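# Breakdown of the fold
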Amino acid sequence: MSKQSNMSILLKGLLRENPVFVLILGTCPTLATTTTVDGAFGMGLATMAVLVCSNIVISALRKFIPDTVRIPCYIVVIAGFVTIVQMLIQAFIPDLYATLGVYLALITVNCIILGRAEMFAGKNSVGKSALDGIGMGIGFTIALLAMAIIREVLGAGSFAGNEIPFLVENGLTISLLAKAPGGLLVYGLLIAVVNKITKGKLIKKKEFGCEGCPSAASCNGGCADTVKEGE
Amino acid sequence: MKNYIKSIISLTVICAVVAVALAATNYVTAPIIEKNAGAAANEALLVVMPDGGDFTAVDLTQYSLPESVVEAYNASNGGSVVKLTATGYGPDMIIMCGVNADGVVTGAVCLSSNETLGVEKTYGDTLKDATIDTIDGIATVSGATMTTENYRNAVKDAINTAIILGGGSADIRTPEQILADNLATALPAGEGAFTEVFICEKLENVSALYSADNGAGFVYVTTVNDEEIFVGVDANGAVVSEVADDVKANIEANAKIMLKSSLKEVDITKYADMPTNVDKAYKTNSGNYVLEIHASGFGINGDHYYNPSGEYIYIKIALTDKGEIITCQTIKQTETDGIGSVCADKEFYSQFNGKDESNYKDIDAITGATITTNGYKSGVGKAIEAVKIMEGVA
Amino acid sequence: MDVKALIIILMSSVLVDNYVLNRFLGICPFLGVSKKVNQSVGMGISVIFVMLVATAVTWPVQTYILDKLGLGYTQTIVFILVIASLVQFIEIFLKKYIPSLHQSLGVYLPLITTNCAVLGVTINNITDGYNFLESMVSSLGCGLGFLLAMVLFSGMRSRIEESDIPESFKGLPVTLVAASFISMAFFGFAGIVENLLA
């Protein structure tokens, strides 16, 4: 990773390295929490909070943490922040807590966070890591919102819980979109759109699987081996 | 080796710091979370008691309460909110009911039900403002009599619970206990062991008849001023309970009929047109008929009385020579447990009593078991037909 | 009656609440690995194995240690550490004592450490208030559901690879759309399970 200006670190997460549509990280919350705009927004912010905090702490400790145990250390730090965010949301925004359910705890294993810790925070300064966290967090939130707006407006005929009379009265909702298959469908279509706009430049070489998977670090390419073995 | 130790130390330190941070956050948020949970639970209870204030859960083991009570809460305004299950004929429902300090229902809602009618969603509103004295007078919903009756009984249990929690006393005996108590009071000589008698004679104002297992006598159930009273009769037909003279005269007249009653089997094979669902027929010396029939229930396809695999519902039915039903009783059935099996409940089959050819179909169907109900009705219809054949008027 | 409840838990976690297709847990390996049927089977079996072992450990940990000490709030962190160390331990054990099994399953194990399906199922078992037996059955069901989805999908993917698809849809997008169809098919199971034994 060559020298990057602070601005480009912040902005790259928005589109060029958008975690959801380009890096294809954090698929699970992207699909599961985007049935409503409220849920997606809450999930985006919660993830961003964890991402920024863990990025800061991990980059601050990057010289202190021995290489051999870095993954367990990262996981402890991330799980710690997730739990703190979880408790704060349960205390102050109980409705959101009920909406997100288990997916809040599962931020721990969100590929984005461990992925950024491994790919960026473990190698860069605190300031840059914080910017990276904010950028990625905003990119993640925007992506989730895009998914959720499509799914809630077209699927349930409402926006952030407010019914849109025009859609509901004329029966223009596609309830499938608000359900599980709709999540996969909308996600697939959106990635195709990003592909089209960028003419496939961004995602073209990124074979989904090993590179995007945070376990790649811990499994030392075991994943890649399997793929080769099978082919 | 040095790296090894360093790894362990750094991991341990990180774990320790994270643990401290978590404990600190928990210290701040735990009371708020607890308060939120309490507020949410409180809100649910406020639905049935808007001015209830705060609620505290009651330890149910401290009181003897109706069996249907699942949870109970004392409100800060002196009332109670009770959560109960309503079971029996029809669907199982969970009902939450608020009762204020004066024993007046402040609200009732059905929290869950496997009912499909929908009446349980609104019936609670009609029970609002009811008290223990007025609740039995509140009308049930026609077409859903059993469901609404269960609902009403559950709310009645809730009122009794609230009275008990408020320090009062209430009658919380189950219907079976009440029946046993009434029988024992009416005929002490029966020593508490009674069996219901199948009434095959047309009796004046008698809804049920029990005989003492030790042969000491009978208990007749009759209705006076809309109230059921239990009248004890000794083995010779003399009334032993303290009752008004006209009641006494009526019961003794009935007892006289019953004592004389005897059955004689009729050979049904000599009637060519006899419906095939009639298994046995008896005639009483007063000219009534007692038929043992079977009816097709759920799981029996095609022609009602052709049975490829399923089991029938067996029914005993007494009719007058004019085809009027005196008593109808389910003897044996293997219908779907909890749905069609309801045809074995007295609340169901006693609906046929007093009906005749013109109106025997006007009974409440069993919820979710239309086929069972229709099969049952059709069996009863054939019994009426059989009487006409035996009387030679068909 | 208990057996009936267990069967319902099993069937609904395999078919109705399928972790991959309905709850989107473990979707990364689902999309990433399921290209060949034999890989999918290997991954699926490893996931079942780890889910069962993880539940067997995390349920008692939650019930007898965390709840007793009032440390329920450390659930997430404790569970993920337990799962991570378990996976490490299993790998070392297999490598040393059952090398043949290690060769077929070992490669998948590290991938599972941060598989959200495993953490998800252990947390869900606690949230749903299952007892130990029910938790084990639910974990087995989730694992089987994962295996089922993986194997079904690998069959579909090998066909997609050979098809002529629009440029923009190549790779992940068409995979997601195909997954959406499978998910739709699984929707047909909703409502079946409760009535299966009624």
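Treat the numbers as computed from the prediction; the structure is a model and nothing was measured. (Residues numbered from 1 in each chain as written. Chains lettered and ligands numbered in written order. Predicted model: local features only at pLDDT ≥ 70, side-chain atom pairs only at ≥ 80, totals over all residues.)

What follows is about the sheet that holds strand E8 (residues 217–224) of chain B. Residue and element names in this part refer to chain B. A sheet is described by the order of its strands in space; here 4 strands give the open sequence E6-E7-E8-E9, paired in antiparallel fashion. The open sheet has two free edges, formed respectively by strand E6 (194–196) and strand E9 (227–234), since each of these has just one partner strand. Neighbouring strand axes in the sheet, compared pairwise and without regard to direction, differ in orientation by 30° on average. Across 4 bridges, strand E7 (residues 208–212) lies against E8 in antiparallel orientation. Residue pairing for E8: leucine 209 is matched across the bridge by tyrosine 220. Most of the contacts of helix H4 (residues 175–186) go to E9, to which it runs at about 45°, and overall it touches E6, E7, E8 and E9. Along the sheet, helix H5 (residues 245–260) makes contact with E8 and E9, crossing E8 at roughly 130°. (Pairing = 2+ DSSP bridges. Helix = DSSP H or I, 4+ residues; strand = E, 2+ residues; numbered from the N terminus. Axes fitted to C-alpha atoms, helices over the stretch in contact; angles between N-to-C directions. Contact = placed C-beta atoms within 7 Å.)

This part takes up the environment of tyrosine 123 of chain B. Residues and elements named next belong to chain B. Among the structural elements, tyrosine 123 can be located in helix H2 (residues 123–126). What makes tyrosine 123 buried here is the crowd of 24 C-beta atoms within 10 Å. Sequence separation between tyrosine 123 and valine 141 is 18 residues; the distance between their C-alpha atoms is 8.1 Å. Setting aside residues no more than four positions away along its own chain, tyrosine 123 makes contact with Val141, Thr148 and Tyr151. (Buried ≥ 20, exposed ≤ 12 C-beta atoms within 10 Å, placed from the backbone.)

Take helix H7 (residues 116–127) of chain C next. Residue and element names in this part refer to chain C. Its 12 residues give H7 an end-to-end C-alpha distance of 16 Å, which sits within 8% of 16 Å, the value for a rise of 1.5 Å per residue. For H7, a buried count of 11 out of 12 residues is recorded, marking the element as mostly surrounded by other parts of the structure. Those residues of H7 not exposed but buried are Cys116, Ala117, Val118, Leu119, Gly120, Val121, Thr122, Ile123, Asn124, Asn125 and Ile126. Once H7 finishes, glycine 129 follows within two positions and takes phi at roughly 70°, a positive value. (Expected span 1.5 Å × (residues − 1).)

Okay, the pairing of strand E13 (residues 313–319) of chain B next. All names here are of chain B. Of all 7 residues making up E13, 6 are buried, and the element is well covered by its neighbours. Two elements, strand E12 (residues 289–295) and E13, share 7 bridges in a ladder whose sense is antiparallel. The residue of E13 that forms the bridge with alanine 295 is isoleucine 313. Taken together, the 6 bridges between E13 and strand E14 (residues 325–332) define a ladder with antiparallel strand orientation.

Residue and element names in this part refer to chain C. Look at helix H3 (residues 37–69) against H7: their axes get within 9 Å of each other, and the N-to-C directions meet at 40°. Considered as vectors, H3 and H7 are oriented oblique to each other. As H3 packs across H7, the resulting crossing turns out to be right-handed. Note on element contacts: H7 touches H3 through Ala117, Val118, Val121, Thr122, Asn125 and Ile126, opposite Val47, Val50, Met51, Ala54, Thr55, Thr58, Trp59 and Gln62. A per-class count over the contact of H3 with H7 returns 9 nonpolar, 5 polar and no charged. (Parallel < 35°, antiparallel > 145°, perpendicular 65-115°, else oblique. Left-handed = near helix turned anticlockwise from the far one by under 90°. Nonpolar A, V, L, I, M, F, W, Y, C, P; charged D, E, K, R; others polar.)

All right, on to the sheet that holds E12 of chain B then. Residue and element names in this part refer to chain B. A sheet is described by the order of its strands in space; here 5 strands give the open sequence E10-E11-E12-E13-E14, paired in antiparallel fashion. Here the strands that pair on one side only, and so sit at the sheet edges, are strand E10 (263–266) and E14. Direction aside, neighbouring strands of the sheet carry axes that sit 25° apart on average. Alignment of E10 against strand E11 (residues 278–284), held across 4 bridges, turns out to be antiparallel. Bridging across to E11, glutamate 265 finds its partner in tyrosine 282. Contacts from helix H7 (residues 370–391) reach E10, E11, E12, E13 and E14, with the element oriented near 140° to E12.

Both trends apply: most residues other than glycine have a negative phi, and most peptide bonds are in trans. All names here are of chain B. Its identity is not glycine, yet aspartate 129 carries a phi of approximately 70°, on the positive side. Positive phi, normally seen in glycine, also occurs at asparagine 225, with a value near 50°. Mapped onto the fold, asparagine 225 is located in the loop between E8 and E9. Judged by the 5 C-beta atoms lying within 10 Å of it, asparagine 225 is exposed.

With that out of the way, let us pick up the nonpolar core. Generally speaking, nonpolar side chains in soluble globular proteins are found buried as a group. If you look at the biggest cluster of nonpolar residues, it comprises 126 residues, and the most contacted ones within it are Val50, Val77 and Ile78 of chain A. A total of 15 residues in this core trace back to one element, the largest contributor, which is helix H4 (residues 70–92) of chain A. Core analysis: the second largest hydrophobic core is formed by 51 residues, Phe194, Val206, Tyr312 and Ile326 of chain B among them. (Core = buried A, V, L, I, M, F, W, Y, C linked by C-beta atoms within 7 Å.)

Such coordinate-based values are descriptive only and should not be taken to indicate function.
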